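One letter stands for each residue in the lines below.
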Amino acid sequence: MSFVQAFLNGLLVGGVYALIASGMALIFGVMRLVNFAHGAFLMLGTYLSYYGWTLLALNPYFAFPLWGAVLFLLAVGIYWLLVRRVMGANDFLQILLTEGISLTLIGLAQLAFGADYRQINLPVANRITGFGPLHFSVGYILSFAVSLALVIALRQFLGHTEMGRAIRAVAQNRTVAPLMGIRVERVSAITFGLGIACAGVAGALLLPIFWTNPTVGGPYTLKSFVIVVLGGMGSVQGAALGGLLLGVAEQFTAYTWADRYTEVVNFVIFLLVLLLRPQGLFGGKA
Amino acid sequence: MSHLPRWWPTVVFFVALTSMPLWLHDGYLLQLVFRVIVFAVLGIAWNFVGGYAGQLSLGHVAYFGIGAYAMTLSTERIGWNPWLGVVLGAVLAALMAMLIGSITFRLRGPYFTLSTIAAAEIIRVLIQNQDTLTHGAVGTNAPLLFQPPDLDAKFFFGAMPLLGGAFALATWIHSSRFGYRLRAIRENENTAMAVGVNPAVDKLLALLPSAMVTAVAGSIYSSYFSFVGPDTVLNIEISVQAALIAMLGGAATVWGPILGSIVLTLTAEGFKTYFEHTHLVVYGLLLIVVVVFLPGGVISLFQRRWRIRRQTGPIGAQQ
Amino acid sequence: MARILEFEKVTKRFGGLLATNDVSFHIDEGEIVFLIGPNGAGKTTVFNLITGYVKPDGGTIKFAGRDITGGEPYQATRLGIGRTFQVVQPLPALTVRENVMLGTFLQHPRRADAAARADQVLEFMGLRSRADQLASGLPLAQRKLLEVARAIGTGARLLLLDEVMAGLNPREGEEVVGLIRRLREFGITSVGGVEHIMRIVMSLASRVVVLDQGRKIAEGPPAEVVHDPKVVEAYLGTKFMAGGAR
């Protein structure tokens, strides 16, 4: 394992992180909502992917749009039912509500799927490819590619579609947006759906290269926060870059130190950024 | 102020509770009530920082774990009496609180909450990975604070002073100048500063007893179950439980966490007899219920019913 | 008369914006001094600098002879500077009395004493009947009064009122003017105010300081200042007509 290998591995996994964090950045940037349930939805994405493959032979790398759509609808439903009640309330209540949703989803997953680890065996994902001294698992490359494509697609959506513009308008000024004919509630619901879908699809893409169980989401929620803070709160672009950065930082930690300290790296980066450069690496609003 | 006519129920409650091991001989029920007591203590302690000062900490398990590990490791490695270890745990928790507090209290809102989670997780990972010193992820046996026979009763009697002390402290804070300053910080830090409050100092002053009480609770709890391990005493779930118990019962009230612990522990226990592994769903749904229907906690039902003048409103009245 | 506030050559930058540009003025004990000027002139920034919510980049600020430059807000309050905010910031989940008690606790550590003193202040402000209501339930005018009550409760000697009249109807405004004239009863000897409503300024102020884009452009008794051509130009308005304000 060389330095370059660690760096590239970091980028590959960082791509998926970028997708997850983009979802979180969207939700926070537009709705000012602190979403502690992000990881739980990622977990749901992994299970959709899992059962899609084991029961319906649907390859995650093709079926991910379907899982994204399912989670989008689920998220919109949860928004109407619950989340919309704490919009504009103080973040205490938002954190508690989303944490409650998270625990409920995890608990239901435990009841429905059992607590054991699950993995799938996707032949294409297990293949190794590479050049020279470097080798990569094809699964990583595929997950990275799809994630990156989605992040770019998200940016295009936000930049060039009417709904995308509406979303950005609400992000900039929630009070003024209605005066421009934007239905803020609707935009919030769709944003929440999109953000969750990002997490869920990332989960679906992670399954072939990792494993899952009901509690797998927790670390990803925290990771997303770390990345969003790193990239500059609310900046989708910053989150994407932050995701790549974190991926690399983690791999370097594993390379120079030990695998098990990668978690600590997350938190240390988090605290350092918040204390030293709260507006994130890529500026934006503090 | 309005505690004078209310002394009677309090006294009756504590006498009845303390005497329980004398008339309740069912080991299972005693254990259940013991857990209610320990978690009530956890909730009361969390309340100082979370309810009164309004700082949503989800990292309190760090102090719980420090208490448990300090007692265990000092007994095991240095040969101390476990009770000395309990004191050590409280002292270490206080020191750690100063460190963590000085970092995390600079942040506000969700950033603060996340930083408390980060701090607790750092501690968990460090302890989990120090195999030689701390027995790593596997954990180890915790020493017994009392000697058999009648362990259930003895632990019960041991936990009561802790509850009593926490309760007394909460009562004092509730109507003291300090308590009002904490509430001001919770409501609006800028306004608090305009009335001469130094938020940085007062937040730390609230965290100190909070951490120490939590640490002692951690020591007693792990001793009762004879086990310490990162999954049991450094699990983020415990942080969430502490917050939930206080919120569920009524944050920034003295009785709230006690009510909350009763409701939560009994509900979780009730579900467990029918379905295994339901405690997460129970916690989750209760959190949702509290936020959506009962932001003032269970106690707000009684306040309305008995028309007791509310000493403070629900958390964050900017709804 | 003693000089209770000295604000000397103070400068404050926010990024590229020079919010306060070498501003100097003072308040003597017993005076009521108003800061006026067009929007964006930096008036509230001056209050924030005095009370420590914002730290100056240059200059000195002295209160009762004591250097308080760059101090913390709670220090300013404890020394005897009370302030209200332009956008009222009550403590919503506490009662009206409790809001004021937060102030009176500074001089009366015992809860009963603090409550009694708070009631006195509430009586003065005409809020006594609402003492047990939650602050969140008050209409705007009462919230403004509560804000002032809280500041009075801290035992301040100098009271800084930031646009206290905004949002009040003329009758309510008159009440507040009356109260400001009687602040001496509570040991407040001096008042600083930021105000837009010229009628109020004219009737209360012993002296007026005019700011425009961070600079002081005029100072003096109100009747003089309103005729100052620099001031008229800054406002570009017809509010200042020879013969007095509306």
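### With respect to the interface of chain B and chain C
Frequently, the measure chosen for interface size is the accessible area removed from exposure when the parts meet. Contact residues are listed per partner, giving 21 residues for chain B and 23 residues for chain C. Listed by contribution, the elements that provide at least two residues to the side of chain B that touches chain C are α9 (177-187) and α10 (189-194) of chain B. If you tally residues by element for the side of chain B that touches chain C, the top one is α9 of chain B, at 5 residues. Of the residues contributing to the side of chain B that touches chain C, the split by class is 8 nonpolar, 9 polar and 4 charged.

### So, the interface of chain A and chain B
Counting from both sides, the interface comprises 34 residues of chain A and, opposite them, 35 residues of chain B. Contributing elements (two or more residues each) for the side of chain A that touches chain B: α4 (91-113), α9 (217-231) and α11 (262-276) of chain A. Across the side of chain A that touches chain B, the residue classes break down as 23 nonpolar, 6 polar and 5 charged.

### Overview of the environment of Leu19 of chain A
Residue and element names in this part refer to chain A. Take Leu19: it is sitting in helix α1 (residues 3-31). In this structure Leu19 comes out as buried when scored by C-beta crowding, with 30 C-beta atoms within 10 Å. Through-space distance from the C-alpha of Leu19 to that of Arg260 is 24 Å; in sequence the pair is 241 residues apart. The contacts of Leu19, once residues within four sequence positions are left out, are Ser147, Leu150, Val151, Cys198, Val201 and Ala202.

### Observations concerning α4 of chain A
Residues and elements named next belong to chain A. If you check α4, its first and last C-alpha atoms are 32 Å apart, about what 23 residues at 1.5 Å a residue would give, namely 33 Å. The element α4 is largely enclosed, with a buried count of 17 among its 23 residues. Following α4 by one or two positions, Gly114 adopts a phi angle in the positive range, close to 80 degrees.

### Observations concerning the pairing of strand β2 (residues 134-137) of chain A
Residues and elements named next belong to chain A. As judged from the 4 bridges shared by strand β1 (residues 128-131) and β2, these two strands associate in the antiparallel manner. Residue pairing across strands places Thr129 opposite Phe136, the latter belonging to β2. Between the end of β1 and the start of β2, which pair antiparallel, lie 2 residues, with Gly132 showing a positive phi angle near 60 degrees.

### Observations regarding the nonpolar core
One finds Ile20 of chain A together with Val41 and Ala217 of chain B to be the most contacted residues of the largest nonpolar core, which totals 275 residues. Those residues in contact with Ala217 of chain B, other than ones at most four positions away along the chain, are Val38, Val41, Leu42, Ala45, Phe64, Gly67 and Leu162 of chain B.

### Examining the sheet that holds strand β3 (residues 32-36) of chain C
All names here are of chain C. Spatially, the 6 strands line up as an open sheet ordered β6-β7-β8-β3-β9-β10, and their pairing is mixed. Two strands lie at the open edges of the sheet, namely β6 (81-83) and β10 (215-220), each paired on one side alone. Geometrically, the sheet is characterised by an average inter-axis angle of 20 degrees between neighbouring strands, direction not taken into account. Here 3 bridges tie β6 to strand β7 (residues 158-162), and the two strands are oriented parallel to one another. When the bridges of β7 are listed, Arg83 appears paired with Leu160. Each of β3, β6, β7, β8 (190-194) and β9 (207-212) touches helix α1 (residues 43-51); the most contacted strand, β7, lies at about 145 degrees to it.

### A word on the arrangement of the chains
Contacts are most numerous between chains A and B, considering all 2 pairs of chains that are in contact. Spatially, chain A and chain C are disjoint, and the shortest separation between their C-alpha atoms is 13 Å.

### Remarks on the sheet that holds strand β2 (residues 17-28) of chain C
All names here are of chain C. The strand order β2-β1-β4-β5 describes an open sheet built from 4 strands, whose pairing is antiparallel. Among the strands making up the open sheet, the edge pair consists of β2 and β5 (66-67). Packing against the sheet, α1 makes contact with β1 (3-14), β2 and β4 (58-63), and its axis sits at approximately 70 degrees to β2.

### Considering the packing of helix α3 (residues 60-81) of chain A against helix α8 (residues 184-206) of chain A
When two helices pack together, their arrangement is given by the angle between the helix axes and by the axis-to-axis distance. All names here are of chain A. It is the contact of α3 with α8, at a shortest axis distance of 7 Å, that shows an interaxial angle of 145 degrees. The two elements α3 and α8 cross, and the hand of that crossing is right-handed. Contacts between α3 and α8 involve Pro60, Phe64, Trp67, Gly68, Leu71, Phe72, Ala75, Val76, Tyr79 and Trp80 from the first element and Ser188, Ala189, Phe192, Gly193, Leu194, Ile196, Ala197, Gly200, Val201, Ala204 and Leu205 from the second. Of the residues assigned to the contact of α3 with α8, the class counts are 17 nonpolar, 4 polar and no charged.

### A closer look at unusual backbone geometry
Cis geometry is adopted by the peptide bond preceding Pro149 of chain B, which originates at Pro148 of chain B and carries an omega value of 5 degrees. The topology assignment puts Pro149 of chain B in the loop between β1 (140-141) and α8 (151-175). Non-glycine residue Arg32 of chain A carries a positive phi angle of around 55 degrees. By the secondary structure assignment, Arg32 of chain A is in the loop between α1 and α2 (38-56).

Quick notes on the rules
Residues numbered from 1 in each chain as written. Chains lettered and ligands numbered in written order. Predicted model: local features only at pLDDT ≥ 70, side-chain atom pairs only at ≥ 80, totals over all residues. Contact = placed C-beta atoms within 7 Å. Helix = DSSP H or I, 4+ residues; strand = E, 2+ residues; numbered from the N terminus. Nonpolar A, V, L, I, M, F, W, Y, C, P; charged D, E, K, R; others polar. Buried ≥ 20, exposed ≤ 12 C-beta atoms within 10 Å, placed from the backbone. Expected span 1.5 Å × (residues − 1). Pairing = 2+ DSSP bridges. Core = buried A, V, L, I, M, F, W, Y, C linked by C-beta atoms within 7 Å. Axes fitted to C-alpha atoms, helices over the stretch in contact; angles between N-to-C directions. Left-handed = near helix turned anticlockwise from the far one by under 90°.

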